[in-house]
Amino acid sequence: MRCSAPGKIYLFGEHAVVYGKKAIACAIDIRTYVEVGIAEESVVTSVFGTAPLESPHYPYMRTAVNKIKEIEEINDVQIHVDSQIPVGTGLGSSAAVTIATLEALNIEFEIGIPREELARIGHSVELEVQGSASPTDTWMSTMGGTWQVPDRRKLEPPSCAIVVGDTCIAGNTGQLVGGVRRLYDKYSFMEQLIDTFDMVATEGARYLKSGDYQSLGELMNINQGLLDAVGVGHPSATKLIYAAREAGAWGAKITGAGGGGCIVAITDDPVPVVEAIKDAGGNAYVTEISLEGVRRE
Ligand code: MEV
C-alpha cells in the first residue's frame, strides 16, 4: 500500500499562532511517499539504505507503527519512503512522513481510522518524538487545502503559483519561539504587535476570498516585517525574499519558524522568481496548493 502526504507553508501568522492568534496555512504539492507491505521483519528503506524500523534513524515511522499497534494487532512491515520535502526547513516533512505512514497502515490493515482521528494520532506521534509540536502540520498533511488555524476554518485556496526558496540553513524552532517569548515578556507593546499579526491574517483571508493576489502579497510583505521585528529573520532569508520580490513576486516572506529555513513567494510568473532565488544562493521549488491531503497512490 502506497500513500503520500503533502508539506505545507504559512501564508500568514507563524509565531503569533503560538499566542492563540490566527494563522493561514496551505498544503503544497511537494509530497512524501510511503509504501508499506507485510514482511518477515520490520525494516525501512530510504535513500540512505535499509535499516531496522527499531534503529534510531526513523523515529516518526517507528512511533507511527507503535501508535497503530495500540489500536490494532498488525504484522511486521517493510516500509519504503521517498520524499520531495526538504527535511528540517519548516515545510512539515516530519508531519508528512508520519501521516503518510499512518494512512498506509490504516488502509493496508483495513483499520478504518477516519481523517480527523488520523491527524490527532499524527500530532501525538510528533509530540512523542519532538517533545512539543503544533497540531497544524499534521492537520495540513492530512486534510490538504488552505486553512485558518487554530479555529480550523477552511479557506479558498490561492490559485497562483507558489515558489518556495530554501536557504539551506536550519533554524532551531525551540530557540526561535523562545526568543519571541523573551521579547513578549520584556516589552508591554509586544501584545499589540502580536495582535497585528492576527489583523494581517484576518485581512489576508479576505483577499484570498476575493482573489486579489497583489494585496495578498502586500500583506505577506507586511507579515515579513513583523517577523523581522520579533527577531526570527535571517540575512540568508532576507536575501531570497528581496530577490523574489525584485523578480516580480507579489509577496515573499519566511514560512515556518525562520532563522534561515524556507521562504515562500506568490506570483503569476514563477520562472524569473525561481531564477532570482537560485542566483541569490537558495534552492527553489515551484509548487501549487495541494487540495488533497493524504492520499492513496
Ligand atoms: C513553526 O513551523 C511554526 C511556529 O509558529 C511554531 C508553532 O506554531 O509551533 C513558529
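A. The overall build of the protein chain, seen in detail. If you tally the helices and strands in the protein chain, you get nine helices and 12 strands. The globule rule puts the C-alpha radius of gyration for 297 residues at 19 Å, and the 19 Å found for the protein chain is close to it. Oriented by its inertia axes, the alpha-carbon framework of the protein chain measures out at about 55 × 40 × 35 Å. Within the span of the protein chain, comprising 297 residues, buried residues form 55% of the whole.

B. Focus on the environment of Ile 121. Along the chain, Ile 121 falls in helix H3 (residues 115-130). Spatially, the C-alpha atom of Ile 121 lies 29 Å from that of Val 180, the residues being 59 residues apart in sequence.

C. Summary view of unusual backbone geometry. Val 149 connects to Pro 150 through a cis peptide bond whose omega is 10°. Topologically, Pro 150 is positioned in the loop between strand E6 (146-149) and strand E7 (153-155). With a phi angle near 50°, Glu 110 is a residue other than glycine that sits in the positive phi range. In this structure, Glu 110 sits in the loop between helix H2 (93-108) and H3. One non-glycine residue with positive phi stands out, namely Arg 152, at about 55°. Structurally, Arg 152 is set in the loop between E6 and E7. A residue is classified by how much of its surface remains accessible, and Arg 152, at 37% relative accessible area, is partly exposed.

D. View of the pattern of salt bridges. For the coordinates displayed, the defined rule picks out 12 salt bridges. The partner of Glu 117 in a salt bridge is Arg 120, and the shortest N-O contact between them spans 2.9 Å. Residue Glu 117 and its partner Arg 120 are located together in helix H3, separated by three residues, close to a single helical turn. Given a relative accessible area of 30%, Glu 117 falls into the partly exposed group. Given the relative accessible area of 48%, Arg 120 is considered partly exposed. Of the charged contacts in the structure, one is a salt bridge between Arg 295 and Glu 297, with a shortest N-O distance of 2.8 Å. Via salt bridges that share partners, Glu 292, Arg 295 and Glu 297 belong to a single interconnected network.

E. How the structure looks around the site of the ligand. Near the ligand, the surroundings consist of Tyr 10, Glu 14, His 15, Val 17, Val 18, Ser 134, Gly 256 and Ala 257. One nitrogen or oxygen atom from the main chain of His 15 is found 2.9 Å from an oxygen atom belonging to the ligand. Isolated, the ligand exposes 300 Å² of accessible area, and the fraction of that covered by the protein chains is 84%. Taken together, the residues of the shell around the ligand break down into four nonpolar, three polar and one charged.

F. Representation of the packing of aromatic side chains within the structure. Counted under the stated rule, the structure contains four aromatic pairs. Ring geometry for Trp 139 versus Trp 147: centroids 5.2 Å apart, planes at 85°, classification edge-to-face. Take Trp 139 and Trp 147: they sit in the same class, and that class is buried. Summarising the aromatic geometry, the rings of Tyr 187 and Phe 189 are spaced 5.4 Å apart at their centres and angled 25° between planes, so their arrangement reads as stacked.

G. Structural view of the nonpolar core. Grouped together as the largest cluster of nonpolar side chains are 88 residues, with contacts concentrated most on Leu 11, Phe 12 and Ile 79. Sort the elements by how many residues they give to this core and helix H6 (residues 190-210) lands first, with eight residues. Those residues in contact with Phe 12, other than ones at most four positions away along the chain, are Ala 23, Ile 24, Val 200, Ala 201, Gly 204, Leu 216, Leu 219, Met 220, Asn 223 and Lys 253.

Thresholds applied
The numbers attached to residues start from 1 for each chain and follow its sequence in the written order. Restriction of local features to residues with pLDDT of at least 70 applies here, the model being predicted, together with a cutoff of 80 or more for giving and counting side-chain atom pairs; totals for whole chains, interfaces and linings are based on all residues. Heavy atoms throughout the structure, all of them, feed into the side-chain values; hydrogens and water do not. Helix numbering and strand numbering both begin at the N terminus, where a helix is a DSSP run of H or I of at least 4 residues and a strand a DSSP run of E of at least 2. Put simply, the radius of gyration uses C-alpha atoms, and a globule should come to 2.2 Å times the residue count raised to 0.38. Classification of residues uses two cut-offs on accessible area relative to the type maximum, computed with a 1.4 Å probe and protein chains only: under 20% is buried, over 50% is exposed, and between them is partly exposed. One speaks of a salt bridge when a side-chain nitrogen belonging to Lys or Arg is within 4 Å of a carboxyl oxygen belonging to Asp or Glu. Proximity criterion: a residue is near a molecule or strand once any of its heavy atoms comes within 4 Å of it. N or O atoms within 3.5 Å of each other form a polar contact, as long as, within protein, one can give a hydrogen and the other can take it, and as long as residues adjacent in sequence are counted only when both atoms are side-chain atoms. Here, Shrake-Rupley sampling with a 1.4 Å probe gives the accessible areas, and only protein chains in the shown set may cover a residue. Charged residues are taken to be Asp, Glu, Lys and Arg, nonpolar residues to be Ala, Val, Leu, Ile, Met, Phe, Trp, Tyr, Cys and Pro, and polar residues to be all remaining types, Gly included. Working definition: rings of Phe, Tyr and Trp (its six-membered ring) pair if their centres are within 6.5 Å, and the pair is stacked with planes under 30 degrees apart, edge-to-face with planes over 60 apart, and tilted otherwise. The term nonpolar core refers to a set of buried residues drawn from Ala, Val, Leu, Ile, Met, Phe, Trp, Tyr and Cys, joined through side-chain atoms within 4.5 Å. In what follows, a contact means two residues having at least one pair of non-hydrogen atoms within 4.5 Å.

Note that all results are geometric; they support no functional claim without further evidence.
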